[in-house]
Amino acid sequence: MMTCPTIDQLSRYVDGLTTAEESVWIRTHLEECESCQEIAEHFHEENRFIHETLKSPKLPKDFTETLMKQLTPYKKKRKKMAKWSWIAASLLLIGFISASFHPTVAKMFGGVFSTEYVDGGIQRAAELNQLIDVDFSVTDQGLTLAVDEMLVDRSRAVLSYQIMKSNGEILNVRDIEGEMYITNGTGNAKEDIHVNWQNIGDYGLLQYLFLSLDEIPEHLTLHFDVTKINSHKGQWALAVPIEIDSLQDDENMIDLMQKSLILNDVQLTLQHLVESPSLSTLTYEAAYTKAFSEQIQEKITDIENKTGINIETSFIGGPEIAYQVLNEKGEVLYENDRKLSVEEETHGQFVSSSGTFLPNQFGILMKDSFVKETQTVPHAIKLTAIRKVLPVNFAVNITSADVKKEPTVFHYEDNSVTLNSIEMKSDYYFKKSILPIGKQSYIRINLTEQNPSSTELGTWLFEDEAGRYYETYSSGSSNDRSLYVYGLGKVPKQFTLHLVSKTVYEEISEKVEF
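From a predicted model like this one, the values you see are computed outputs, not experimental measurements. (Residues numbered from 1 in each chain as written. Predicted model: local features only at pLDDT ≥ 70, side-chain atom pairs only at ≥ 80, totals over all residues. Heavy atoms only, no water.)

J.: How should I be thinking about the overall build of the chain in this particular structure?
T.: Helices and strands together make up the secondary structure of the chain, namely nine helices and 26 strands. Buried residues in the chain amount to 50% of all 514 residues. Counting only contacts in the chain whose residues sit at least 6 apart along the sequence, the fraction spanning at least 24 positions is 67%. Carbon and sulfur atoms make up 49% of the accessible area of the chain, which amounts to about 25,800 Å² in all. (Helix = DSSP H or I, 4+ residues; strand = E, 2+ residues; numbered from the N terminus. Buried < 20%, exposed > 50% of the residue type's maximum accessible area, 1.4 Å probe, protein only. Contact = heavy atoms within 4.5 Å. Areas by Shrake-Rupley, 256 points an atom, 1.4 Å probe, with all protein chains shown as cover.)

Shown next as structure tokens:
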């Protein structure tokens, strides 16, 4: 099941980095979803604003001298790369690395890490002088990729970089292709890394999230292996070494001793709570018990045998836990409520949630990262709810002509669903071929759902008059949801919608002190 595009997908769409099929889906989705329209417009405005404010201005020759006379002398203390790192970097990058200084307006006032366009943890690290000055660059095809600032702790490594033309002008990056990865001390690529790339005006931001806490080597190397920047093809290979062992003094790791609980058919194992300079990170495993997993698998198999469609991917992640991290006074430092379609003010700034599916079961190893609301020490974790995705078997028969006359209303448990419209749609897109215009047709079904706060309807399948089943792709929120069905040339006179999953939110109350 697909819901609204992620923030990253919307950002890539605005920057023109999505595939033709993704672009068609997101463009169609934006026609209906006001929330995503606002986010997309924010990205457009952000790009225009940053491009205008951070681009290299034309300044008078005496600008630097005049400015320096008006400033109080101040030298910002920064961590420096260890000697071995510079030697290692020289060995790794010999032959194609050159170092140079490329000032921009943002850099003069603290760099992109000091701006509101990065999360609060990075901003705090900048305020505490915990950034690392680096100066690596590589040039090809008249373009220079330069890395000038880095933040590293045991939760993540973040780099800021820029692309410059030979005349020193900053290039706004719309499209970048290649690999960005991390190797350990033996040169082997680490698999337990999640990489995020973000374009912020003149700057690129590359973030490596460490999914594992137990086996991070002392020495790592961050790699750029870029083959295309916008329309320019070339080879920009860059490696930046970092030290992890030197960061232990800057962190507080609380070993939760594999604390295990069984709550509402869910086995929860708490692993670590790490207070790093820029982030607070909780790592835990959540999986259904063996007996409950067998029940779920049996229901999924029955649905797949009937429809011929693989739906197991809707359930593979297993349950998720809602919780609060408290200090000794019982005040909430940060939380993840995981609520369904409920917008409430929460404590702390949520940064990211990374997960790895557990093999051979419905479960997940989760790593949630936050910026704390206050700097007091964590004392306990309060478990507040469990979020489950469960299989269901519900079907409703629809007559297309009836829907055209008036909306059709049906019910599932305490959920009321209004089918407002069904129509055949076509989208056109550009493609690289002799015929540059492509056409994609689909059925769009618009629904309004009235769900209790503890339940949300999930994946729907579409069955035509001949008994053939089709997947549906969903966008929007429960009060204005659209289902997209591909592969049909027209709207059937009659069809059946099959609900095969739902998400439930079960409240609990359990406190774990440490």
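J.: What am I meant to see in the sheet that holds strand β9 (residues 232–243) here?
T.: Strand pairing in a sheet is mediated by backbone hydrogen bonds. Such pairs are either parallel or antiparallel. The strand order β5-β8-β9 describes an open sheet built from three strands, whose pairing is antiparallel. Strands at the two margins of the open sheet, each flanked by one partner only, are β5 (176–183) and β9. With direction set aside, neighbouring strand axes in the sheet form an average angle of 10 degrees. Pairing of strand β8 (residues 219–229) with β9, which is carried by ten bridges, proceeds in the antiparallel orientation. Bridging from a neighbouring strand, Phe 224 pairs with Leu 238 of β9. (Pairing = 2+ DSSP bridges. Axes fitted to C-alpha atoms, helices over the stretch in contact; angles between N-to-C directions.)

J.: What am I meant to see in helix α8 (residues 290–307) here?
T.: Given 3.6 residues per helical turn, the α-helix brings residues three or four places apart onto the same face. The terminal C-alpha atoms of α8, which comprises 18 residues, lie 26 Å apart, in line with the 26 Å expected from a rise of 1.5 Å per residue. Along α8, the positions that sit buried rather than exposed are Phe 292, Ser 293, Ile 296, Ile 300, Ile 303, Glu 304 and Thr 307. Viewed end-on, α8 has its buried residues packed into an arc of 100 degrees, placing them on one side of the element. Across from the buried face of α8, at angles greater than 90 degrees, the exposed residues are Lys 290, Glu 298 and Asn 305. Next to the buried residues of α8 lie β12 (280–288), β17 (378–399), β22 (460–463), β23 (469–471) and β26 (494–513). (Expected span 1.5 Å × (residues − 1). Arc of directions from axis to C-beta.)

J.: Looking at this structure, how should I read the pattern of salt bridges?
T.: Tallying each qualifying case throughout the model produces eight salt bridges. Taking the shortest distance from any N to any O, the salt bridge between Lys 388 and Glu 506 comes out at 3.1 Å. On the criterion of sequence distance, the pair formed by Lys 388 in strand β17 and Glu 506 in strand β26 is long-range, its members being 118 residues apart. Since its relative accessible area comes to 3%, Lys 388 is described here as buried. Taking the shortest distance from any N to any O, the salt bridge between Glu 449 and Arg 481 comes out at 3.0 Å. Linking Glu 449 in strand β20 (residues 437–450) with Arg 481 in strand β25 (residues 480–486), this pair joins segments that are 32 residues apart in sequence. The buried category is assigned to Glu 449, whose relative accessible area is 4%. For Arg 481, a relative accessible area of 2% gives the class buried. (Salt bridge = Lys/Arg side-chain N within 4 Å of Asp/Glu carboxyl O.)

J.: Would you mind going over the nonpolar core with me for this structure?
T.: Nonpolar side chains in soluble globular proteins generally cluster together in the buried interior. Of all hydrophobic cores here, the largest spans 39 residues; its most connected members are Leu 268, Tyr 284, Ile 311, Ile 321, Tyr 323, Ile 381 and Leu 383. Here this core gets five residues from one element, more than from any other, and that element is β17. Dropping the residues within four chain positions of it, Tyr 323 is found in contact with Leu 282, Tyr 284, Glu 335, Asn 336, Asp 368, Phe 370, Ile 381, Lys 382, Leu 383 and Thr 384. Within the second largest apolar cluster, 33 residues are counted, among which are Val 138, Val 173, Trp 197 and Leu 220. (Core = buried A, V, L, I, M, F, W, Y, C linked by side-chain atoms within 4.5 Å.)

J.: Would you mind going over the packing of aromatic side chains with me for this structure?
T.: Aromatic ring pairs: the centre-centre distance and the angle between the two ring planes describe each pair. Scanning the model with the defined rule gives 13 aromatic pairs in all. Measuring from centroid to centroid gives 6.3 Å for Tyr 323 and Phe 370, while their planes differ by 80 degrees, and the two rings are edge-to-face. Residue Tyr 323 is located in strand β13 (residues 320–327), and its partner Phe 370 is located in strand β16 (residues 363–371); the two are separated by 47 residues in the primary sequence. Exposure class is identical for Tyr 323 and Phe 370. Each is buried. Each residue in the set Tyr 284, Tyr 323, Tyr 334 and Phe 370 is aromatic and connected to the rest through ring pairs, giving one cluster. (Phe/Tyr/Trp six-rings, centres within 6.5 Å; stacked < 30°, edge-to-face > 60°.)

J.: Hey, could you run me through helix α7 (residues 120–127) in this one?
T.: Burial in α7 covers these residues: Gly 120, Gly 121, Ile 122, Ala 125 and Ala 126. Looking one or two residues beyond α7, the residue adopting positive phi is Asn 129, at roughly 60 degrees.

J.: When you look at the side chain of Thr 459 in this model, what are you seeing that I'm missing?
T.: Along the chain, Thr 459 turns up in the loop between β21 (455–457) and β22. The exposure class of Thr 459 is buried, given its relative accessible area of 7%. One polar contact links Thr 459 to Ser 314, side chain to side chain, over a distance of 3.3 Å. (Polar contact = N/O pair within 3.5 Å; in protein donor to acceptor, adjacent residues only side chain to side chain.)

J.: Explain the environment of Phe 113 here, please?
T.: With respect to the helices and strands, the residue Phe 113 is situated in the loop between α6 (105–108) and α7. Taking relative accessible area as the criterion, Phe 113 reaches 0% and is therefore assigned buried. Residue contacts for Phe 113: discarding those within four places in its chain leaves Val 118, Ile 122, Gln 123, Ala 126, Leu 131, Glu 149, Met 150, Leu 151, Val 158, Leu 159, Ser 160 and Leu 205.

J.: I keep staring at unusual backbone geometry and nothing clicks. Help me out?
T.: Negative phi values dominate among residues other than glycine, just as trans dominates among peptide bonds. Phi at Met 257 takes a positive value of approximately 60 degrees, unusual for a residue other than glycine. Phi at Gln 258 is positive, roughly 55 degrees, even though this residue is not glycine. Mapping Gln 258 onto the fold places it in strand β10 (residues 252–263). Of the residues examined, Gln 258 reaches a relative accessible area of 45% and is grouped as partly exposed.

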